Amino acid sequence: MRIGELSQHTGVSARLLRYYEQQGLLGSERDSNGYRRYHPAAVQRVRRIRELLDAGMTTEVIRTLLPCAQGGPGLLTCSRSVQALDDQLARVEEQMAELERKKEALRGVTRAMEVRRHEDEMLARAALRSA
């Protein structure tokens, strides 16, 4: 199938399909006219790539995992898949901890802003009473 057909079957733009190919995630052959020709199994491969991207994996990690992504959903248990998933989970947990720190910092700024607003209101009231 040509790139436009693969795009229609997967909902992924032709530009992204070329990017996946450039990143070593997807392969194609070339017709005599230079057009890309994809194997029918490319549809499932692109869906798997999207699944892994949606899980937050980089194209570099996905490239190492694709040999473990044969058959149905999920990954086959292989040394690459276990380590990559453990690394990805650790990275997500670090990001969540960082977001929690940022959330607390924002709450601190909000509390300080409310205190200052309250103090400013009190000063304004006092100024009105003395005027």
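Residues numbered from 1 in each chain as written. Predicted model: local features only at pLDDT ≥ 70, side-chain atom pairs only at ≥ 80, totals over all residues. Heavy atoms only, no water.

Description of the nonpolar core
For step 1, the next point in the chain: In this structure, Leu-6, Leu-17, Tyr-20, Leu-26, Tyr-38, Val-46 and Ile-62 are the most contacted members of the largest nonpolar core, which totals 21 residues.
For step 2, the next point in the chain: Mapped by element, the contributors of at least two residues to this core are helix 1 (3–10), helix 2 (14–22), helix 3 (42–54) and helix 4 (59–65).
For step 3, the next point in the chain: Sort the elements by how many residues they give to this core and helix 3 lands first, with five residues. (Core = buried A, V, L, I, M, F, W, Y, C linked by side-chain atoms within 4.5 Å. Buried < 20%, exposed > 50% of the residue type's maximum accessible area, 1.4 Å probe, protein only. Helix = DSSP H or I, 4+ residues; strand = E, 2+ residues; numbered from the N terminus.)

Some details on the side chain of Glu-21
For step 1, the next point in the chain: Residue placement: Glu-21 occurs in helix 2.
For step 2, the next point in the chain: A distance of 2.9 Å separates polar atoms of two side chains, one belonging to Glu-21 and the other to Arg-36.
For step 3, the next point in the chain: Those residues in contact with Glu-21 that sit more than four places away from it in its chain are Leu-26, Ser-28, Arg-36 and Tyr-38. (Polar contact = N/O pair within 3.5 Å; in protein donor to acceptor, adjacent residues only side chain to side chain. Contact = heavy atoms within 4.5 Å.)

Re the UniProt feature "domain: HTH merR-type" (unreviewed entry) in the protein
For step 1, the next point in the chain: The UniProt record annotates "domain: HTH merR-type" (unreviewed entry) at residues 1–68.
For step 2, the next point in the chain: Segment residues 1–68 splits into 54% helix and 6% strand. End C-alpha atoms: 24 Å apart. (UniProt positions renumbered as here; feature names shortened; annotations may be inferred.)

Comments concerning the environment of Tyr-35
For step 1, the next point in the chain: Summarising the element assignment, Tyr-35 is placed in the loop between strand 1 (29–30) and strand 2 (36–37).
For step 2, the next point in the chain: Between the alpha carbons of Tyr-35 and Ile-3 there is a distance of 8.2 Å; along the sequence they are 32 residues apart.

Examining the pattern of salt bridges
For step 1, the next point in the chain: Under the counting rule described, the total for this entry stands at nine salt bridges.
For step 2, the next point in the chain: Note that Asp-31 and Arg-37 form a salt bridge whose closest N and O atoms lie 3.2 Å from each other.
For step 3, the next point in the chain: Residue classification places Arg-37 among the partly exposed residues on the basis of a relative accessible area of 32%.
For step 4, the next point in the chain: Across the pair Glu-100 and Lys-103 runs a salt bridge whose closest N-O atoms are separated by 3.6 Å. (Salt bridge = Lys/Arg side-chain N within 4 Å of Asp/Glu carboxyl O.)

Examining the packing of helix 2 against helix 3
For step 1, the next point in the chain: Axis separation between helix 2 and helix 3 bottoms out at 12 Å; the angle between their running directions is 85 degrees. Relative to helix 3, helix 2 is oriented roughly perpendicular. Between helix 2 and helix 3, the contacting residues are Leu-16, Leu-17 and Tyr-20 on the first element and Val-46, Ile-49, Arg-50 and Leu-53 on the second. (Axes fitted to C-alpha atoms, helices over the stretch in contact; angles between N-to-C directions. Parallel < 35°, antiparallel > 145°, perpendicular 65-115°, else oblique.)

Here's the deal with the UniProt feature "coiled-coil region" (unreviewed entry) in the protein
For step 1, the next point in the chain: Under the feature "coiled-coil region" (unreviewed entry), the UniProt entry names residues 82–116.
For step 2, the next point in the chain: Annotated as residues 82–116, this span is 100% helix and 0% strand, and its ends, taken at the C-alpha atoms, are 51 Å apart.

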